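Secondary and tertiary structure notes
Here's the letter readout for the chains.
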Amino acid sequence: MRPIRVRIGVLGLALVAGLAAPTAATAAPGAGGGAPAPTVEERRLDGEVPREILRRSGFAAVAPAFARGLGRADSYREARRVVEREGAALWRRAVDRVQGRGPARGDLSREDDRPLYWARLGMTRELRTWEPGFALNERQRAALLTELEGTSRGQTDLRLPHGGHGKGVKRVLLTGFDPFTLDRDIRISNPSGAVALALDGTVIDTPDGPARVETAVFPVRWADFAEGTVERALRPYLPGVDLFTTVSQGRVGRFDVERTNGAWRGGFPDNDNVSRTETVPVADPASQPQWTTTTLPYAAITAADTGRFPVYDNTSVTEIPAGGDEPVVRPDGPTPGSSAREGGGGNYLSNEIAYRATLLRDRLGLHGTLPGGHVHTPVLQFGAGNTDPATGAVTDPGFVRNRLDIVAQTRAIVGVAVSAAGADRD
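Here is a short report on the structure shown in this document.

Criteria and thresholds
- Residues numbered from 1 in each chain as written.
- Predicted model: local features only at pLDDT ≥ 70, side-chain atom pairs only at ≥ 80, totals over all residues.
- Heavy atoms only, no water.
- Salt bridge = Lys/Arg side-chain N within 4 Å of Asp/Glu carboxyl O.
- Helix = DSSP H or I, 4+ residues; strand = E, 2+ residues; numbered from the N terminus.
- Buried < 20%, exposed > 50% of the residue type's maximum accessible area, 1.4 Å probe, protein only.
- Pairing = 2+ DSSP bridges.

A word on the pattern of salt bridges
Pairing between side chains becomes possible if they bear opposite charge and their charged atoms approach one another. Per the stated rule, a full pass over the model turns up 40 salt bridges. Taking the shortest distance from any N to any O, the salt bridge between Asp107 and Arg56 comes out at 2.8 Å. With Asp107 in the loop between helix H5 (76–98) and helix H6 (114–129) and Arg56 in helix H3 (residues 48–57), the pair connects residues that are 51 residues apart, well separated along the chain. A relative accessible area of 55% means that Asp107 is categorised as exposed. A salt bridge links Asp200 to Arg92; its shortest N-O distance comes to 3.0 Å. Pair noted here: Asp200 is in the loop between helix H8 (191–199) and strand S2 (203–206) and Arg92 is in helix H5, with a separation of 108 residues, a long-range link. Judged by its relative accessible area of 27%, Arg92 is partly exposed. Taken together, the shared-partner salt bridges in this structure form one network comprising Glu41, Arg120, Glu149, Arg153, Asp178, Arg221 and Asp224.

Given below as structure tokens:
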């Protein structure tokens, strides 16, 4: 998930979004004072591709069943129980499908992350536009939507094993993202979301011992990040894990371990077609640094043979030097006193989640003891002959193979990182 400003040549088709002026994310409530209208993101559900993905994965009935459950709720408390139960069930169902448990319920390949994304949007649209028979104020509806987002993204299902650092099973926390740039190609999948579904609750055997991986997925929306969704989800767990990595889709044909993250939003439109160009908004801005750095064992990761894609230690940033007023690309990282304009991972939401997670690590006093940072996967590309969004199929053998290879290599990278971090502690 990278911006478009100066690197179009290396970002690939999947990252090139339309640059039309952003539209409002959510329409205002109707004149009659009823429920809000669907968001820009939710309105994409009306297209044929989302319907096909839901139908071919067996997830088409998720939103209608959720709507029936809401319809039976006769109070806010009961509605909250429905949201908690059905949101968590969607996450578990998506994880189970990807990991081969239970029937596939359709001919779409099991490792696909898109059924979760579109089914969740169906649920949020039902909840957003629901008009119950009891009084439901704006604050309560917002709380229900927040609960649904968290439970259906695995953010409330992080079940890390007990034990101290370096004892027993290692604990790894990994995050992925929703698909994005959907107005460019609504068929898009996000390999980082597929990674999260494939690795959630799994154990990776490493030379330093077994490592249990717990995962969650985040939205591609500026507003959610400004409202603290990353910090809320990760703060309870970072002090107890042995390693964390945020993961997103990056450049064509390569993995990158991003060395430096910047405190700048570059304005690229999100999934609601909202743009933000500003300093990353965080709590206590007076102590906010312009840059944070990875503590992942990048040298070991890039030296290892983890799969068919090359893996790079990416040190480049874009900064405004101290005393300057124009952005400058620095291949070897930021200079003292500079202001961030792009981290190694750009200035979109992948850079921001890396910045927020590593800033949280540092504010918790864990910089010297907790390995953590960001990994960019290759762009997930469709197979040859299936590159036209208007006429192409929603899947093909090359698309499936590319996603499986990216997932397997990310798993191997995590294994190398855990082993190297353990060796460093020893």
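Section: the pairing of strand S4 (residues 243–249)
Taking burial as the measure, the 7 residues of S4 include 7 buried ones, the bulk of the element. Of the two faces of S4, the one holding Leu243, Thr245, Val247 and Gln249 and the one holding Phe244, Thr246 and Ser248 are both buried throughout. Of the strand pairs in this sheet, strand S1 (residues 170–177) and S4 are connected by 4 bridges, and their pairing is parallel. By the bridge assignment for S4, Thr175 is matched with Thr246. Strand direction decides the pairing type here: S4 and strand S14 (residues 372–377), joined by 6 bridges, are parallel. Bridged to Phe244 within S14 is Gly372.

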